[in-house]
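One letter stands for each residue in the lines below.
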Amino acid sequence: MAYKLIDLTRDGGVAIIQLDRPKALNALNTEMMSEVADALTTLEADDGIGCVILTGSEKAFAAGADIKEMSDNNYLSIYKNDPFEENHCSIERFRKPIIAAVAGYALGGGCEIAMMCDFIIAADNAKFGQPEINLGVMPGIGGTQRLMRAVGKAKAMDMCLTGRMMPAEEAERAGLVSRIVKLDDLMSTAKEAASKIANQSQPVAMITKETVNAGFNMTLDQGIRFERRLFQSLFTTQDQKEGMAAFIEKRKPHFKNK
Ligand code: CAA
């Protein structure tokens, strides 16, 4: 598939998906998000790719779902078509690690797809928000749920009810983003993190991601038991033998993803 509204590039084991609809501040329309979904399907099947970065422009990661595309819906049309499920939610279904590198606006659906990624690295100009209430609606791609789990009830309520934007420093303090860097350093930092991940054992990175995410839907006891069984299962892999042997022999491991 040739892409019009995203750029897909590869650098070793890292793939970068850049949202590229600058005139609309990367508003997430169906065409762009179906390209994202298609790219993720390709990257999931590509054994050479161990980590993906999702990014936008310096001004906008994404300013939300496309309001103009959405505005004429009625309840039945938006219920039946469920425009976010197939494409936007492909990010939450993606099984390999995926990092959001966020500069500028990450609003509404933009904040929501950033939160679907495994972690967010933010530039110092990033602004996060769930301003849907200003449009007479509310977040609809997981914003009320993921924001609450990331920053707690008080800040999630504040953001969703007032529609205010949260600057990068506050987002880091609140736990929404893992680190803030200067705008100029955003992509180099994200690439460095992604390439570290891509150089690990791919199945181990995928199982680690699955285990952290599974914890959101489990009690602590269930989560700990789930983690312990998967930890034990990793002793069936060649990569466990290699990783531990390399440590003992004081050399770098060479993982085979087996
Ligand atoms: N949908 C469609 N178009 C959008 C858009 C969006 N979410 N955000 C920006 N644009 C368009 C603008 O309409 C404008 O297009 P025109 O030049 O054709 O008029 C262009 O992008 C540039 O935008 P502005 O002129 O508004 O730029 P600005 O720098 O003055 O303001 C902004 C930037 C504060 C981000 C402002 O654009 C804005 O408030 N955008 C909307 C943010 C928003 O409400 N997001 C939530 C969307 S709803 C949602 O996401 C629902 C959900 O959870 C599922």
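Higher on the page you've got the structure.
Residues numbered from 1 in each chain as written. Predicted model: local features only at pLDDT ≥ 70, side-chain atom pairs only at ≥ 80, totals over all residues. Heavy atoms only, no water.

Asks: I would appreciate a short explanation of the sheet that holds strand β9 (residues 165-167) in the present structure.
Replies: Two pairing modes exist for strands in a sheet, parallel and antiparallel, and in both the strands are linked by backbone hydrogen bonds. Reading across from one edge, β4-β6-β8-β9 is the order of the four strands in this open sheet, with mixed pairing throughout. Since the sheet does not close on itself, it has two edges, and those belong to β4 (60-62) and β9, each with one partner. In this sheet, neighbouring strand axes are inclined to one another by 20° on average, regardless of whether the strands run parallel or antiparallel. (Pairing = 2+ DSSP bridges. Helix = DSSP H or I, 4+ residues; strand = E, 2+ residues; numbered from the N terminus. Axes fitted to C-alpha atoms, helices over the stretch in contact; angles between N-to-C directions.)

Asks: Looking at this structure, how should I read a nonpolar patch on the surface?
Replies: A grouping of I67, L135 and V137 is seen on the molecular surface, where their side chains present a nonpolar patch of about 260 Å² in accessible area. If you trace the backbone, V137 turns up in the loop between β8 (127-129) and α7 (143-151). (Patch = residues over 30% accessible without salt bridge, like charges linked within 9 Å, V, L, I, M, F, W, Y side chains within 5 Å. Areas by Shrake-Rupley, 256 points an atom, 1.4 Å probe, with all protein chains shown as cover. Salt bridge = Lys/Arg side-chain N within 4 Å of Asp/Glu carboxyl O.)

Asks: Help me understand the nonpolar core, please; the structure alone is not making it clear to me.
Replies: Soluble globular proteins tend to bury their nonpolar side chains together. One finds I91, F128 and L176 to be the most contacted residues of the largest nonpolar core, which totals 48 residues. The element best represented in this core is helix α1 (residues 30-45), accounting for six residues. Other than its neighbours up to four places away in sequence, L176 contacts M115, I120, F128, L147, A150, V151, M166 and A171. Counting 14 residues, the second-largest nonpolar core is a separate cluster that includes I16, A123, V181 and A194. (Core = buried A, V, L, I, M, F, W, Y, C linked by side-chain atoms within 4.5 Å. Buried < 20%, exposed > 50% of the residue type's maximum accessible area, 1.4 Å probe, protein only. Contact = heavy atoms within 4.5 Å.)

Asks: Sorry if this is basic, but what is going on with the pairing of strand β2 (residues 14-19) here?
Replies: The side chains of a regular strand alternate, residue by residue, between the two faces of the sheet. Judged by how many residues are buried, β2 sits mostly within the fold: five of six residues are covered. Across six bridges, the pairing between strand β1 (residues 6-11) and β2 is antiparallel. Its bridge partner lying in β2, T9 is registered against I16. Linkage of β1 to β2, two consecutive antiparallel strands, is achieved through a turn of two residues, within which G12 is found at a positive phi near 60°. Crossover β2 to strand β3 (residues 51-55) through α1 is right-handed. (Right-handed = clockwise from strand over helix to strand, strands pointing away.)

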